[in-house]
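Understanding the architecture of this molecule
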Amino acid sequence: MMDLLEGAPIQLQAWFLGLLRSFGTPEWILAVLSALIIIGTIIGVFLVLFALTSVLERKILARAQNRYGPNRVGPFGLFQPVADGIKMITKEDLVPRTADKVVHFLAPVVMLIPALLVLAILPYGRGMVPAEMDSGILFFFAVGAGTEVAVFMAGWASNNKYSVLGAMRAIAQMISYELPLVISAIITAMVAGSLSPSAIVAAQGGFAFGFVPQWFVLTPWGFTAGLVFYIAALAEANRSPFDLPEGESELVAGHLTEYSGFKYATFFMAEYIGMFAICGMFVTLFLGGWQAPVPALTIIPSWCWFLGKICFVAFTMVWVRATLPRLRIDHMLAFAWKFLLPMGFAAFLSAACWHYAGRGPAAWILSLAIIGIPYLLLGNSFTNRFAVSRRTYQFSE
Amino acid sequence: MMCAFFNTVCADPLKFLGNWFVVLPAIVLLLAAGASVVARNLIHAALFLTLSFIALGVVFIALGAEFVGLVQLLVYVGAVAMVIVFAILLTHPAQLEKSRTPFSGLGPAGGAAVGFAVLAVLLAFIFASPLGKKPLPPSAAAPVAAIGEALMGDYVVALIALGVLLTAALVGAAVLAMDDKKP
């Protein structure tokens, strides 16, 4: 029964193609169709996830702030995305008179393309990679670089000073946080000995002592690199507490200021799908991809585990948004360059030593030391600079 | 004539398309590069240049050089294009008028001459290289691991030299951006 579910998506596709083949459909149509089925399924799944998240995020934020959240449309407010969609489509599409019309129109499209393309290299389950690439990790970051171009196009074409300032901030943030992001991803590739996501997932398979999963996040260097990746992913996805490119109080809405209606919805969708993609990358690199956490639970299909882990990571991102206030721009950039990047290098060194010390108990102690000493030094330098002293009020007493 | 063409397309359209996966991005590459030269608006020129970077990456990938194509996208679209855009945005138009390099007086003809001189040098080296004279290895697409081993083995000196060069450039940029010391 469970074996049946495990291969269900692939079996269904094979069955459908076999049915068409029995009607005498030419081979090349089948080849195109089989690709289209995969693309359609992935886009469909992520659009449903996006719609669900747009309402669940508001529900979770409401729960964190002790209020109800959307609860008018449908049961528990679950049809809220439908109402939002209708509203977005019927809204007037405003284009500023002095805007660069063509670039203004192209920006949301350019934004959506990389967000959808990077979904192609994620291993969704055992043997379920839409595009098996030798250098899949590189593809993820290379295509993701297109987002910066889109943000710049949106900001500049709007011909609005808030838009340009927001776009400059967003690009500065993306470039700064891309370094720790890529370095922490490279560490896993180094230990697994391959840039292919499915090989990295395979390297995290199996259980130590029969029950402890061998996920990278459960090693000292992997935990550090995972945290660095997670924080940098928050910044790359423009999520709170790094959402200051659209800081309402100073920049209106950053590069999105002059967008309305469906173009705004496209940006919104691209941001959320990009968030899911980077959550998927985090799961693949550090949380063992589609592997089950304990041997007894391997009966649950691998793709369920992958989707479940993505949803869990996305949930923690909403949780962070409900908890932390927004950073100031200089603090944010200093944090990337002066803390995350050195910690990324420390994890890099630690992983190399861990590997060459034989991955045994001695390797654990060595890699812990290599992580711990820079962490204490860097942490001290930060806390001393932003020392919190007792606040005294001049006129209060 | 038309019918024969139609038959070759229908016999195996994916194979037929295989060539077009190289030719179409190459056409886009040439058009975008040309447009970036003639565009009046500097930002449009930069965006066309970015498009040509992307098209070049796609050409590499379609030719089987997956790693080179992806690095092209990562470095040129992710970094170089953004640096160009920032340079344009941070330069005041008045500064452009004032800044005259020793080559400013040459005009479009001088620019074209320099361009063709660079092209001639490149072509001389391309024709002098053993590429195309030796038979290609059986698999044109080198796996990433082989490229990594070559970079870390035979070409490690070149790799480190490039790293030192880039670090020097980074330090130089930081020195330029630092505040002047009070005398």
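Residues numbered from 1 in each chain as written. Chains lettered and ligands numbered in written order. Predicted model: local features only at pLDDT ≥ 70, side-chain atom pairs only at ≥ 80, totals over all residues.

**A look at the overall build of chain B**
- Across its full length, chain B carries eight helices and zero strands.
- In sequence order, the secondary structure elements of chain B are arranged as α-α-α-α-α-α-α-α.
- Relative to its 183 residues, chain B shows a buried fraction of 17%.
- Taking all contacts inside chain B whose residues are at least 6 apart in sequence as the whole, residues at least 24 apart take part in 51%. (Helix = DSSP H or I, 4+ residues; strand = E, 2+ residues; numbered from the N terminus. Buried ≥ 20, exposed ≤ 12 C-beta atoms within 10 Å, placed from the backbone. Contact = placed C-beta atoms within 7 Å.)

**Concerning the overall build of chain A**
- Regarding its fold elements, chain A presents 15 helices and two strands.
- Over its C-alpha atoms chain A spans a radius of gyration of 23 Å, differing by no more than 12% from the 21 Å that the globule rule assigns to 397 residues.
- Considered along the principal axes of its C-alpha atoms, chain A spans approximately 85 × 65 × 40 Å.
- Counting only residues that meet the buried cut, chain A has 40% of its 397 residues in that class.
- Within chain A, contacts between residues at least 6 apart in sequence are counted, and of these 76% link residues at least 24 apart. (Rg over C-alpha atoms; globule rule 2.2 N^0.38 Å.)

**Describing the packing of helix α2 (residues 8-22) of chain A against helix α3 (residues 27-64) of chain A**
All names here are of chain A.
- In the contact formed by α2 and α3, the axes pass within 11 Å of each other and the chain directions differ by 155°. By the angle class used here, α2 and α3 are roughly antiparallel. The interaxial crossing formed by α2 with α3 has right-handed handedness. Here Gln13, Leu17, Leu20 and Arg21 of α2 lie close against α3, whose contacting residues are Leu30, Leu33, Ser34 and Ile37. (Axes fitted to C-alpha atoms, helices over the stretch in contact; angles between N-to-C directions. Parallel < 35°, antiparallel > 145°, perpendicular 65-115°, else oblique. Left-handed = near helix turned anticlockwise from the far one by under 90°.)

**Here we look at the confidence of the model for chain A**
- When pLDDT is averaged across chain A, the result is 84; 95% of the residues are at 70 or more.
- Across chain A, the secondary-structure element scoring lowest on mean pLDDT is helix α1 (residues 2-6) of chain A, at 66, and the one scoring highest is helix α10 (residues 220-236) of chain A, at 90. (pLDDT = per-residue confidence, 0-100.)

**Considering helix α6 (residues 136-144) of chain A**
- Judged by how many residues are buried, α6 of chain A sits mostly within the fold: nine of nine residues are covered.
- Among the residues making up α6 of chain A, those that are buried are Gly136, Ile137, Leu138, Phe139, Phe140, Phe141, Ala142, Val143 and Gly144 of chain A.

**Considerations on the environment of tryptophan 319 of chain A**
- Its place among the elements puts tryptophan 319 of chain A in helix α13 (residues 302-323).
- Distance in space between the C-alpha atoms of tryptophan 319 of chain A and isoleucine 42 of chain A is 26 Å, their sequence separation being 277 residues.

**Structural notes on the interface of chain A and chain B**
- Of the residues lining the interface, 21 residues belong to chain A; the matching set on chain B comes to 18 residues.
- At the level of secondary structure, the elements contributing two or more residues to the side of chain A that touches chain B comprise α3, α6, α7 (146-157) and α8 (161-192) of chain A.
- If one sorts the elements of the side of chain A that touches chain B by residue count, α7 of chain A sits on top with six residues.
- Grouping the amino acids of the side of chain A that touches chain B by side-chain chemistry returns 17 nonpolar, two polar and two charged. (Nonpolar A, V, L, I, M, F, W, Y, C, P; charged D, E, K, R; others polar.)

**Notes on the domain arrangement of chain A**
All names here are of chain A.
- Looking at the assigned domains, one finds that chain A contains domain 1 (1-90) and domain 2 (93-378).
- Using C-alpha coordinates to define each centre, domain 1 is positioned 22 Å away from domain 2.
- Looking at the side of domain 1 that touches domain 2, the elements with two or more residues in it are α1, α2, α3 and α4 (80-90).
- Ranked by residue count, the leading element in the side of domain 1 that touches domain 2 is α3, at eleven residues.
- Here the residues of the side of domain 1 that touches domain 2 sort into 15 nonpolar, two polar and two charged. (Domains from an automatic or database assignment.)

**Notes on the confidence of the model for chain B**
Residue and element names in this part refer to chain B.
- The share of residues in chain B with pLDDT of 70 or more is 74%, and the mean pLDDT across the chain is 78.
- The lowest-confidence element of chain B is helix α1 (residues 2-11), averaging 56 in pLDDT; the highest-confidence one is helix α8 (residues 156-177), averaging 89.
- Reported confidences for the modelled complex are a pTM of 0.84 and an ipTM of 0.79.

**Here's the deal with unusual backbone geometry**
All names here are of chain A.
- Even without being a glycine, asparagine 66 presents a positive backbone phi close to 60°.
- With respect to the helices and strands, the residue asparagine 66 is situated in the loop between α3 and α4.
- According to the C-beta neighbour criterion, asparagine 66 is exposed, with 6 such atoms within 10 Å.
- Phi is positive for asparagine 159, close to 55°, though the residue is something other than glycine.
- Residue position: asparagine 159 is located in the loop between α7 and α8.
- Judged by C-beta crowding, with 16 C-beta atoms within 10 Å, asparagine 159 ranks as partly exposed.

**Side note on the packing of helix α5 (residues 101-117) of chain A against α7 of chain A**
All names here are of chain A.
- Packing of α5 against α7 leaves a shortest axis separation of 8 Å and a crossing angle of 160°. Overall, the two elements α5 and α7 adopt an arrangement that is roughly antiparallel. The two elements α5 and α7 cross, and the hand of that crossing is left-handed. Residues Val103, His104, Leu106, Ala107, Val110, Met111, Ile113 and Pro114 of α5 touch α7, and the partners they reach there are Gly146, Thr147, Val149, Ala150, Met153, Ala154 and Ala157.

**Here we look at the nonpolar core**
All names here are of chain A.
- Ranked by size, the top nonpolar core spans 120 residues in total, and within it Met153, Phe229 and Phe282 carry the most contacts.
- When residues in this core are grouped by element, the largest group, 15 residues, is from helix α12 (residues 261-286).
- Other than its neighbours up to four places away in sequence, phenylalanine 282 contacts Phe229, Tyr230, Ala233, Leu287 and Val313. (Core = buried A, V, L, I, M, F, W, Y, C linked by C-beta atoms within 7 Å.)

**Overview of helix α3 (residues 42-62) of chain B**
All names here are of chain B.
- Taking 1.5 Å per residue as the helical rise, α3 with its 21 residues ought to reach 30 Å, and the 30 Å between its terminal C-alpha atoms agrees with that figure.
- Counting buried residues in α3 gives 16 out of 21 residues, a clear majority hidden from the surface.
- Following α3 by one or two positions, glycine 64 adopts a phi angle in the positive range, close to 100°. (Expected span 1.5 Å × (residues − 1).)

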